[in-house]
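Residue-level structural notes
Residues per chain, in single letters:
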Amino acid sequence: MVDEVEALLCEPPVLDGTTVSLRYAAVTGATVHHTFTEVLELPGPLDHVDAAVREPVLRLLSLAASLSYAKAFAPAPIRVPAGLTARERRFLTEVARHGLGEFAYVNDLPAVLDLQVEGPELPEPATSAEPAADGPERLLVAVGGGKDSIVSIEALRGAGFDLGLFSVGSYAPIEATAETAGIDLTTVRRRIDPHLLELNAAGAPNGHVPVTAVNSLVAVLTALALGRDTVVFSNEASSSFGNVTWHGRTVNHQWSKGLDFERLLRASLPAGAPTYLSLLRPLTELRIARRFADHTAYHRVFTSCNRAFKLAEGDRTSWCGDCPKCRFVFLCLAPFLSRAALLEVFGGRDVLADTGQLTGFLELLGVDGLLKPFECVGEPDECRVALELLREHPDWRDHPFLAHPEVAAVTATPAEREAVFAFREGEHLLPPALEPVARAV
Ligand SMILES: CC(=O)N[C@H]1[C@@H](OP(=O)(O)OP(=O)(O)OC[C@H]2O[C@@H](n3ccc(=O)[nH]c3=O)[C@H](O)[C@@H]2O)O[C@H](CO)[C@@H](O)[C@@H]1O[C@H](C)C(=O)N[C@@H](C)C(=O)N[C@@H](CCC(=O)O)C(=O)O
Ligand SMILES: Nc1ncnc2c1ncn2[C@@H]1O[C@H](COP(=O)(O)OP(=O)(O)OP(=O)(O)O)[C@@H](O)[C@H]1O
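Cut-off values and rules
Residues numbered from 1 in each chain as written. Chains lettered and ligands numbered in written order. Predicted model: local features only at pLDDT ≥ 70, side-chain atom pairs only at ≥ 80, totals over all residues. Heavy atoms only, no water. UniProt positions renumbered as here; feature names shortened; annotations may be inferred. Helix = DSSP H or I, 4+ residues; strand = E, 2+ residues; numbered from the N terminus. Rg over C-alpha atoms; globule rule 2.2 N^0.38 Å. Buried < 20%, exposed > 50% of the residue type's maximum accessible area, 1.4 Å probe, protein only. Contact = heavy atoms within 4.5 Å. Areas by Shrake-Rupley, 256 points an atom, 1.4 Å probe, with all protein chains shown as cover. Lys, Arg positive; Asp, Glu negative; His and termini not counted. Charge placed at Lys NZ, Arg CZ, Asp CG, Glu CD. Pairing = 2+ DSSP bridges. Right-handed = clockwise from strand over helix to strand, strands pointing away. Axes fitted to C-alpha atoms, helices over the stretch in contact; angles between N-to-C directions. Parallel < 35°, antiparallel > 145°, perpendicular 65-115°, else oblique. Left-handed = near helix turned anticlockwise from the far one by under 90°. Arc of directions from axis to C-beta. Phe/Tyr/Trp six-rings, centres within 6.5 Å; stacked < 30°, edge-to-face > 60°. Near = heavy atom within 4 Å. Nonpolar A, V, L, I, M, F, W, Y, C, P; charged D, E, K, R; others polar.

As named in an unreviewed UniProt entry, the protein is UDP-N-acetyl-alpha-D-muramoyl-L-alanyl-L-glutamate epimerase, taken from Nocardioides abyssi. The Catalytic activity (unreviewed entry) field of the UniProt record for the protein holds the comment "UDP-N-acetyl-alpha-D-muramoyl-L-alanyl-L-glutamate + ATP + H2O = UDP-N-acetyl-alpha-D-muramoyl-L-alanyl-D-glutamate + AMP + diphosphate + H(+)".

**Brief notes about the overall build of the protein**
When you go through the protein residue by residue, the secondary structure sums to 17 helices and 15 strands. Relative to the compact-globule value of 22 Å for 441 residues, the protein shows a C-alpha radius of gyration of 22 Å, a close match. Considered along the principal axes of its C-alpha atoms, the protein spans approximately 70 × 50 × 40 Å. Classification of the 441 residues of the protein by burial places 58% in the buried group. Considering only contacts within the protein whose residues lie at least 6 apart along the sequence, 72% involve residues at least 24 apart. Of the accessible surface of the protein, which amounts to about 17100 Å², a share of 51% is contributed by carbon and sulfur atoms. With 39 positive and 57 negative side-chain charges, the protein shows a separation of 2 Å between the mean positions of the two kinds.

**Points about the environment of Cys 305**
On the secondary structure map, Cys 305 appears in the loop between helix H9 (285-292) and helix H10 (324-333). Sequence-wise, Cys 305 and Ala 213 are 92 residues apart; in three dimensions their C-alpha atoms are separated by 20 Å. Here Cys 305 is in contact with Trp 319, Cys 320, Cys 323, Lys 325 and Cys 326, once residues within four sequence places are set aside.

**Remarks on the pairing of strand E11 (residues 185-191)**
Where strand E4 (residues 31-41) meets E11, 3 bridges bridge the pair, whose relative direction is antiparallel. Residue pairing in the sheet places Glu 41 in a bridge with Arg 189 of E11. Pairing of strand E10 (residues 162-168) with E11, which is carried by 4 bridges, proceeds in the parallel orientation. Directly across from Phe 166, in E11, lies its bridge partner Thr 186. Tracing the backbone out of E10, into helix H5 (residues 172-181) and back to the parallel element E11 gives a crossover that is right-handed.

**Re the packing of helix H1 (residues 51-70) against helix H7 (residues 211-226)**
Remark: H1 packs on H7, axes separated minimally by 9 Å, with the N-to-C direction vectors making an angle of 160 degrees. Between H1 and H7, the interaxial angle falls into the category roughly antiparallel. The handedness of the crossing between H1 and H7 is left-handed. Contacts between H1 and H7 pair Val 53, Val 57, Leu 58, Leu 60, Leu 61, Ala 64 and Ala 65 from the former with Ala 213, Val 214, Leu 217, Val 218, Val 220, Leu 221 and Leu 224 from the latter.

**A closer look at helix H6 (residues 194-201)**
Since the α-helix packs 3.6 residues into each turn, any two residues three or four apart lie on the same face. Of the positions making up H6, those classed as buried are Leu 196, Leu 199 and Asn 200. Seen from one end, H6 has its buried residues packed into an arc of 100 degrees, which puts them on one side. Exposed side of H6, more than 90 degrees from the buried face: Glu 198 and Ala 201 are the residues found there. Those residues of H6 that are buried lie in contact with E4 and H1.

**Focus: the packing of aromatic side chains**
If you walk through the whole model with that rule in mind, you get 16 aromatic pairs. Ring plane angle 80 degrees and centroid distance 5.5 Å describe the contact between Tyr 105 and Trp 246, whose orientation is recorded as edge-to-face. A residue pair is termed long-range when its members are at least 10 positions apart, and Tyr 105 in helix H3 (residues 101-106) and Trp 246 in strand E13 (residues 244-246) qualify at 141 residues. Note on Tyr 105: relative accessible area 27%, which makes it partly exposed. Judged by relative accessible area, Trp 246 falls into the buried class, the value being 13%. Relative to Phe 401, the ring of Phe 361 has its centre 5.1 Å away and its plane inclined at 65 degrees; by these criteria the two rings are edge-to-face. With Phe 361 in helix H12 (residues 358-364) and Phe 401 in helix H14 (residues 400-403), this pair connects stretches of sequence that are 40 residues apart.

**Some details on the site of ligand 2**
Around ligand 2 sit 20 residues in total, of which Ser 149, Val 168, Lys 257, Ser 304 and Lys 325 are the nearest. Out of a free accessible area of 580 Å², ligand 2 has 91% covered by protein chains. When contributions to the shell around ligand 2 are tallied by element, the ones reaching two or more residues are helix H4 (147-158) and E10. Here the residues of the shell around ligand 2 are counted per class, giving 7 nonpolar, 9 polar and 4 charged.

Now the structure itself:
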């Protein structure tokens, strides 16, 4: 079992050439129970970057990454002995309380929803960065191996932007995406301290962390190293909505993909840092899927199934065909592809025909009493609209899935249909140069 721990210390990060070491310790008073070092290899040095920009970004990364270790001792507070600015304290408090919401729910640890951040107050060094007035020029696009980042790449390429691609970790679908795009991919390796995995195996509390918060800060550091002015994620409108209300709070698996996190990170970055944004923020998953259907060159290389991204299964490229992500992508792409083309994407498997997955589909459709899965899936209204479109599709309208009584009872109104494909005015942080690019998706 894991020892009783008073706090997880977050020590100052260390940059040595291109190596970033993020250091943590689990302590009780002066007793150190466990130490951890997470290591990242950047694509180039940061010597040319103003320390007033570089150091705060490194600190934010170290705070965001602390949650992987803090969860093993939850709900013990996170303590930053060297101190935090008010903005850093707010950043960590929000990321911990919202980003560990699913972890708190699954492990029945409601105190995590109020996780404490301790440490002396430091003076605020600079104002937060605003997007560059003259608009984005050299973009770094974060690639996840799924459909969303592909839609961003092609939309931005079509608009004539200078693009570089970026990933945390090396996975077959990400590399194949970059190869198909024909654009250079910069990969940052992130090594979680193996001692954490030992503690997990020994029974320490484990669960979901807001991994997009970590990936976003690694992307900002990489953009600094490469001299790129804008970091582009492909987080959609749907990710801002929660899964369940628990102890009066909304628990959202995708919280660090949501608009609140995008705003928080923007407000926390130092002046002079690259602009951080999500191109697909005003769009739903269904609208993105409609555009992705046109990008046929990628249909054999992308994977949205998260099993392909587990540390132990990083070489997988195929779809498992039986998880919330596989069900969601199958349902949302089906209206926009022929049956033959969709089955080719899924290795010949008709996921709708598998009667064992009916409850999984009803969860996606928001049928009463069922929980929206803790996965990166869209909202029930998008799934209901996808179903309506299948009823009109010559290849799908006679499918037995649609005739199942519980499925047949699910409908979407014309107003819902229109809303799902609408551009969400004002619900994004896109600069004027990028708004038309998103609108064209
Ligand atoms: C790939 C995946 O879904 N992983 C989740 C899974 O972990 P599993 O043990 O099955 O495999 P690994 O990911 O290889 O993790 C090994 C252990 O390491 C811990 N860990 C990993 C990354 C990290 O940043 N910190 C960590 O402590 C992990 O706990 C394992 O013990 O189940 C885990 C427990 O529920 C999840 O934490 C793993 O999720 C990864 C962090 C991950 O990368 N997940 C993304 C695919 C993901 O869920 N993305 C969300 C983004 C939401 C957000 O707000 O960021 C999405 O697409 O919706
Ligand atoms: N390993 C990674 N490295 C860098 N960025 C990533 C990584 N994984 C995800 N991202 C970024 O986070 C976004 C959200 O991830 P997500 O997995 O939801 O999207 P995706 O892989 O592009 O599409 P899909 O919804 O089909 O899986 C991605 O579009 C990408 O911008």
